[in-house]
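# Reading the structure
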Amino acid sequence: MLLRLPLPRVMLLAGRPYSSISRLALPRQQCRSYSASVDSSVEPIRGLDLGVAHSKLLLRTVASMRGNAELQAQGVSEGDSKKMNMCQAINDAMRHTLATDDTAVVFGEDVAFGGVFRCSVGLAEEFGNERIFNTPLTEQGIAGFAIGMAAMGHTAVAEIQFADYIFPAFDQIVNEAAKYRYRSGNEFNVGGLTIRAPCAAVGHGGHYHSQSPEAFFAHVPGIKVVVPRSPIQAKGLLLAAIRDPNPTLFFEPKMLYRSAAEQVPTEDYVLPLSKAEIVRPGKDVTVVGYGAQIYALENAIQMIERDMPGVTCELIDLRTILPYDADTVAESVAKTGRLVVAHEAPRTQGFAAELAAEIQERCFLRLESPIERVCGLFVPHPLVFERFYMPCAVRSYEAIRRSLEY
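Description of the structure in this document. (Residues numbered from 1 in each chain as written. Predicted model: local features only at pLDDT ≥ 70, side-chain atom pairs only at ≥ 80, totals over all residues. Heavy atoms only, no water.)

## Some thoughts on the pattern of salt bridges
One pass over the full model with this rule turns up 23 salt bridges. Linking Asp92 and Lys235 is a salt bridge whose minimum nitrogen-to-oxygen distance equals 2.6 Å. Placement of the pair is Asp92 in helix 4 (residues 86-100) and Lys235 in helix 10 (residues 231-243), with a sequence separation of 143 residues. Neither residue differs from the other here; Asp92 and Lys235 are each classed as buried. Put simply, Glu70, Arg229, Glu277, Asp317 and Arg319 are held in one network by salt bridges that share partners. (Salt bridge = Lys/Arg side-chain N within 4 Å of Asp/Glu carboxyl O. Helix = DSSP H or I, 4+ residues; strand = E, 2+ residues; numbered from the N terminus. Buried < 20%, exposed > 50% of the residue type's maximum accessible area, 1.4 Å probe, protein only.)

## Topic: unusual backbone geometry
Between Leu322 and Pro323 the backbone carries a cis peptide bond, its omega angle lying at -15 degrees. Relative to the helices and strands, Pro323 resides in the loop between strand 12 (320-322) and helix 13 (326-336). A positive phi angle is found at Asp110, which is not glycine, with a value near 65 degrees. In this fold, Asp110 is placed in the loop between strand 2 (104-108) and helix 5 (123-127). Since its relative accessible area comes to 29%, Asp110 is described here as partly exposed. In this structure, Arg319 takes a positive phi of about 65 degrees despite not being glycine. On the accessibility criterion, Arg319 (1% relative accessible area) is buried.

## Some words on the nonpolar core
Formed by 56 residues in total, the largest nonpolar core has its most connected members in Phe107, Ile173, Phe217, Ile223, Phe251, Leu355 and Ile359. When residues no more than four places from it in sequence are discounted, the contact partners of Phe107 are Phe133, Thr135, Ile142, Phe145, Ala146, Met149, Ala156, Val157, Ala158 and Glu159. (Core = buried A, V, L, I, M, F, W, Y, C linked by side-chain atoms within 4.5 Å. Contact = heavy atoms within 4.5 Å.)

## Quick word on the sheet that holds strand 9 (residues 277-280)
Across a sheet, paired strands are connected by hydrogen bonds in the backbone, their directions being either parallel or antiparallel. Strand order across the open sheet formed by five strands is 9-11-10-13-14, with mixed pairing between neighbours. Of all strands in the sheet, those bounded by a partner on one side alone are strand 9 and strand 14 (372-376). Sheet twist, expressed as the average angle between the axes of neighbouring strands with direction ignored, equals 25 degrees. Both strand 9 and strand 11 (residues 313-317) contribute to a ladder of three bridges, which runs antiparallel. Bridge pairing links Ile278 to Ile316 in strand 11. Along the sheet, helix 14 (residues 351-363) makes contact with strand 10 (285-289), strand 13 (339-346) and strand 14, crossing strand 13 at roughly 155 degrees. (Pairing = 2+ DSSP bridges. Axes fitted to C-alpha atoms, helices over the stretch in contact; angles between N-to-C directions.)

## Observations concerning helix 16 (residues 393-405)
The end-to-end C-alpha distance of helix 16 is 18 Å, a good match for the 18 Å that 13 residues give at a rise of 1.5 Å each. Extensive coverage of helix 16 is indicated by the burial of ten of its 13 residues. Along helix 16, the residues that are buried comprise Ala393, Val394, Arg395, Ser396, Tyr397, Glu398, Ala399, Ile400, Ser403 and Leu404. Contacts made by the buried residues of helix 16 are with strand 10, helix 12 (293-307), strand 11, strand 13, strand 14 and helix 15 (386-389). (Expected span 1.5 Å × (residues − 1).)

Next comes the structure, spelled out in structure tokens:
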């Protein structure tokens, strides 16, 4: 039986008005011509400034950074800070690791000269080519080598150049790294292993440079999976991932590498893994996401609260996908009675389905409406049609509104 995908139907209509495909069948929702519009004057955007550049969640000033409760708890909020984008914050985290841990090594394709995204720039010059080095173009080999180094006691920070190419390493990660401690009865482990990988859409990456594969690994006991949303988060979570006694996958939304900038503490600090953060409190609906999707959800909430006076939405950043913080989400849903979950990966079998099932079991008697999922379409990540694929602010707005009006 052939799997019928909607994308070819879209491609056959290339050059015709988008209204001509407005009846394209999608689960539980109708396509709308404005959902991917670049015209900010249309409904329901109506002039709202969208995107990371206008986000109120980023700590762009020293004062806002010093007011952050997690940084205060770490004792770094009153220290020196520096404006960094996510790429620079990740570089700073690896620099702290290399400076404080003599067993730490960083490697991957083109890593020695800084990597294609320049996240490791300057590290080879500072720490030497024996600790920062290039590998052959073999993801399975990179993962296998990293597992071996971690098994021998090293802190191995490996880079997969694009998350789309992590699949050749799937066997090494799932069948070796994740099971190493368990199959040895805790005699051996590869807890010093961290694998970094740029993930998610970038606007022009097509189907081989835009994927979000976190759900594949969220099914695997024995590893941790982390996705940061900002520079402060990226530095603290990466340092926590590197020092955690379990192998960890650290997926970095590459769209945020240079679009997100904050005042980042220059000192060493860690942020908690497996702990979600309520980044915007509210009382009427719980909205959950992670990574770059947080900013689309922020915009959707701004439109909802403008169009529905008196409504407030609670926005939660999961941060860690495995093991994830179901307690924080459940406590919020018990208060609001509604849940909307969003991510860039395709809807079918996506991580939102896991979270929806867990919360339905925990909060069934408190739910006031069906749980909504806002996700990428069930097609290979498209190039020219990427705007139609993405779970944008407008699609998120519609889902939140459906939940509230149910």
